[in-house]
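# Observations on the three-dimensional arrangement
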Amino acid sequence: MANLFTYSGVDLLLFGLIVLLSIALTTSATYAQQLGRTNVTGSIRDTAGKPIEFATVLLIKAENSPTPKSSATKPASQSALASQLVKGTVGDENGRYVFENIGPGTYQVSAQMVGYAKATSVTFTVIAGQAAADVPSISLHQSSQTLGEVTVAAKKPFIEQLPDRTVINVENGIISAGGTALDVLERAPGVLVDNQNDRITLKGREGTLIMIDGKPTYLSAQEVVNLLRNTPSNGVESIELITNPSARYDAAGNAGIINIRLKRGSRASGTNGNATVGGGYGRFPKASAGLTLNHRAGNWNLFSNYNYDYRKSFGSVDALRQFGAGDSLTTVNNLGYRPNIVQNHTYKIGADYSLSKRTTVGFMVNGVVSNSQATIDNKNLVYGASGQLQQLVTMTNASTRGMERLAANTNLKHTFDTLGREITVDVDYSRVSIRPQDNMRTRYFGAGGEETQPELVQRNRPPSTVTIRAAKADYIHPLRTGGRLEAGGKISYVTSDNDVRFETLTENGYVPDPQRTNHFLYNETITAGYLNANRDWGKWSVQAGLRAEHTRSIGNSVTLSRVVDRNYLNLFPSVFVTYKAAQNHQWQASYSRRIDRPNYQDLNPFVYVMDPYTYFQGNPFLRPQYTNAFQVGYTYRNETNISLSYNHTTDVITGVNDQQERVLRVTTVNLAALDNINLSIGLPITLTQWWTLRPTANVFWNAYNAEYVGQKLDYQRVAANLTLNQNFVLPHGLTVEVSGFYNSPSVYGMMQFRGLGQLSVGIQKNFWDKAATVRLNVSDLLHTMRPGGYSNFATTNIRFTNRFESRVARLTFTYNFGNRNLKTTRQRRSAVEEEQGRIGGGNN
């Protein structure tokens, strides 16, 4: 088989253009006139005159702002900030800041820090030839207000609406403590988690790209859900929902991007960290523990964390299938029960080193080690047309599953000058190894309980390994006219190795089953380049970009001697137009084109037995799906957001069921087209100084226009995702959080899903000058999480109801030590940003 590191001419041409473009942009920007410019300096202090470390400082051009006659500092809300942001920086450990090479003009300096109210300096003027301008010290006041026994302190809300994304601040959530990343994602606005089929949809659309710290997971949908299910929420800082990414992002993810940011270090000098321990109970016990350590000294910043999670839980299914009609009607009632034990270890370690004031290098390693054990008990009761029991088929499966994920990143960031020209380079390596084992015993009984045929003993060993190598470079180039150019490129090389060995026990020992044994190899190279430009004209702002991606993939079924070789080039334009009608009112319109490539597991043609009457089979002939996405929206004060979007997807990658005789085949196919219209509304409401809430509503319409097995598939439905998060600040330092969501009935392919929802509550208390925190929460308080649905299409007739341990009480204790005046370190978007969302490796 051809080695994909022997790149095609298109790959080399694209990558060469990227390199030449970056070099040209890097060397040409010397036109910036730095001679004769001024350095602006100053300091940030608290009301006692002590310096505030690492405050965020902004230089604002205020041509029309009147110069105050008295106070050197005033609240930012009273400042004339309706002017142009020139640049930003971060103060040092002594509270000092400097803006270099500033041109003539009238300016103000704005400063802010967590726990303090924002403040702005007096207006000052820089004249040509002036060597330095020293701004009077800016004094920040603490933002906490005491109201009797109630203290209201500044902190990020659990759900934060930004112009281009929605952010779930997990570390500020009470209900999320002690749970998993999947638990948090399930409560995010617009997100639907299907635990039956291990699917994640965003605003009613499939094809969401899941990233961890800006790196795609390269896992199949099922494996992504398993990974999030095995990631403790204690190690998660935030979750970002990006529904319409720009050309700088990978084109993958037609529904958008869900980026999970793991906790990492701070920018405070010295050593700091926190330790967390917790336990929970639903039907079975749970336990978790974690430690975060950070150290900053001189030019070094070191960060690390480790989390352990133990969970014993269960899942069950009650499915009713019907085959044939009339006198030949057969009904199979499948009753499944699955208790399981999971132990997870997650870790992260890294460092940043400042080579100079303008150059920083870093490395980071993170990973997951997960082991699970389950005993799956399936009972299949077979009834005839008269409704009498004809046969009982039981299958027990002693299943184990091991997963190891290792991701390494090294990066460089260099700022060329104070105008903002910068380049970032990332090199990544990632490897995921999945080792499932199934030991199945099937027995057959008659209506009277007598055994009708010998016991069938089988075993399945489907190990899989996915290795990703990627590199990317991004360059930002501000223009003298006030706009900005961005350019960059990426190249990734992915290999996937799935070796399925299915064996049946005979008198001569275990014998391979040739129909279910298969060795599948998949190699893929993606070379990409993009150019992005934005420019402001008064109240208008326009950003336009174009991304090119060339894909070469080879899927090789070694056992079946079947090779599928694909080679294609795609262009992905994007346009964003923003109109700022007033300081707090902003309108946006956008268009982008996106792609979703099949995940590696769905391309593998192997057969995986789920129970005696159900099996999964991959489809090596799956094609990518393409989406054209349009959106208009309105934002008020970067808090209230209303948007309306339309998305048209072709070659829709969809899971389907194909029923033949008494056997149900589950597979993935391309359906012709899907139209999606979505209305999204989210706003914060402050009822009192101690009671705030944020309701969100996503109402969407999905309509399929396709044909499958010779029949028209034109299901369509209006559905909604409603969420409500409430926070109460009570006397004696108590904080209460109440969260609920409801997902109405919806449609996916040929499946119709019932509505479901849950209500969760949590309470938090701080101790020891906020160094320690105790959180108690109960998820699914009313025990209403009962996923279910049905399909009645062509020869498939099935209804099902799932149950799992959704109601769990958890208690966690967190202790913070060291310097707690923290500011988060720079987050990295690595080169591995799309591929990890498509790894597969067995179903368990």
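Preceding block: the structure.
Note that the structure is a prediction, hence the values are computed from the model and not measured.

## Remarks on the pairing of strand β31 (residues 509-512)
Taken together, the four bridges between strand β30 (residues 484-506) and β31 define a ladder with antiparallel strand orientation. By the bridge assignment, Glu503 is partnered in β31 with Pro512.

## Brief notes about the nonpolar core
In this structure, Leu185, Val191, Ile200, Leu228, Ile239 and Ile258 are the most contacted members of the largest nonpolar core, which totals 22 residues. Elements supplying a minimum of two residues to this core: α2 (181-186), β15 (191-194), β16 (199-202), β17 (208-212), α3 (221-229), β19 (236-242) and β20 (256-262). The dominant element in this core, judged by the number of residues it contributes, is α2, at four residues. Of all hydrophobic cores here, the second largest spans 20 residues; its members include Val40, Tyr107, Phe124 and Leu140.

## Regarding the pattern of salt bridges
Overall, the coordinates contain 17 salt bridges when judged by the stated rule. Ionic pairing is found between Arg665 and Asp658, a salt bridge with its closest N-O pair at 3.4 Å. Look at Asp658 and you get buried, because its relative accessible area is 13%. Within this structure, Asp426, Lys472 and Asp474 form a network of salt bridges that share partners.

## Some thoughts on a positive patch on the surface
Where like charges cluster on the molecular surface, the positive patch consists of Arg754, Arg786, Arg803 and Arg807. Topologically, Arg786 is positioned in the loop between β49 (772-779) and β50 (788-793). The exposure class of Arg786 is partly exposed, given its relative accessible area of 31%.

## Some words on the pairing of strand β23 (residues 300-323)
Inspection of the sheet shows strand β22 (residues 285-297) paired to β23 by twelve bridges, in the antiparallel sense. By the bridge assignment for β23, Ala297 is matched with Trp300. Where β22 hands over to β23, the hairpin turn is made up of two residues, of which Gly298 adopts a positive phi near 60°. The antiparallel hairpin formed by β23 and strand β24 (residues 330-354) contains six residues in its connecting segment, where Gly324 sits at a positive phi of about 75°. Taken together, the seven bridges between β23 and strand β51 (residues 796-804) define a ladder with antiparallel strand orientation. From the neighbouring strand, Asp318 faces β51, where its bridge partner is Thr801.

## Focus: the packing of aromatic side chains
By the definition in use, this model includes 16 aromatic pairs. For the ring pair Tyr715 and Phe793, a centre distance of 6.2 Å and an interplane angle of 80° mean the geometry is edge-to-face. Here the residue Tyr715 occupies a position in the loop between β43 (711-713) and β44 (716-730), and Phe793 occupies one in strand β50, the gap between them amounting to 78 residues. In this pair, the class of Tyr715 matches that of Phe793, namely buried. Every member of this aromatic cluster is reached through a ring pair, and the members are Tyr591, Phe630 and Tyr646. Residue placement shows Arg283 over the ring face of Phe314; its charged tip is 3.9 Å from the ring centre. Over the ring of Phe502 we find Arg516; its NZ or CZ atom is 5.1 Å from the centre of that ring.

Scoring rules and cut-offs
- Residues numbered from 1 in each chain as written.
- Predicted model: local features only at pLDDT ≥ 70, side-chain atom pairs only at ≥ 80, totals over all residues.
- Heavy atoms only, no water.
- Pairing = 2+ DSSP bridges.
- Helix = DSSP H or I, 4+ residues; strand = E, 2+ residues; numbered from the N terminus.
- Core = buried A, V, L, I, M, F, W, Y, C linked by side-chain atoms within 4.5 Å.
- Buried < 20%, exposed > 50% of the residue type's maximum accessible area, 1.4 Å probe, protein only.
- Salt bridge = Lys/Arg side-chain N within 4 Å of Asp/Glu carboxyl O.
- Patch = residues over 30% accessible without salt bridge, like charges linked within 9 Å, V, L, I, M, F, W, Y side chains within 5 Å.
- Areas by Shrake-Rupley, 256 points an atom, 1.4 Å probe, with all protein chains shown as cover.
- Lys, Arg positive; Asp, Glu negative; His and termini not counted.
- Charge placed at Lys NZ, Arg CZ, Asp CG, Glu CD.
- Phe/Tyr/Trp six-rings, centres within 6.5 Å; stacked < 30°, edge-to-face > 60°.
- Lys NZ or Arg CZ within 6 Å of the ring centre and 35° of its normal.

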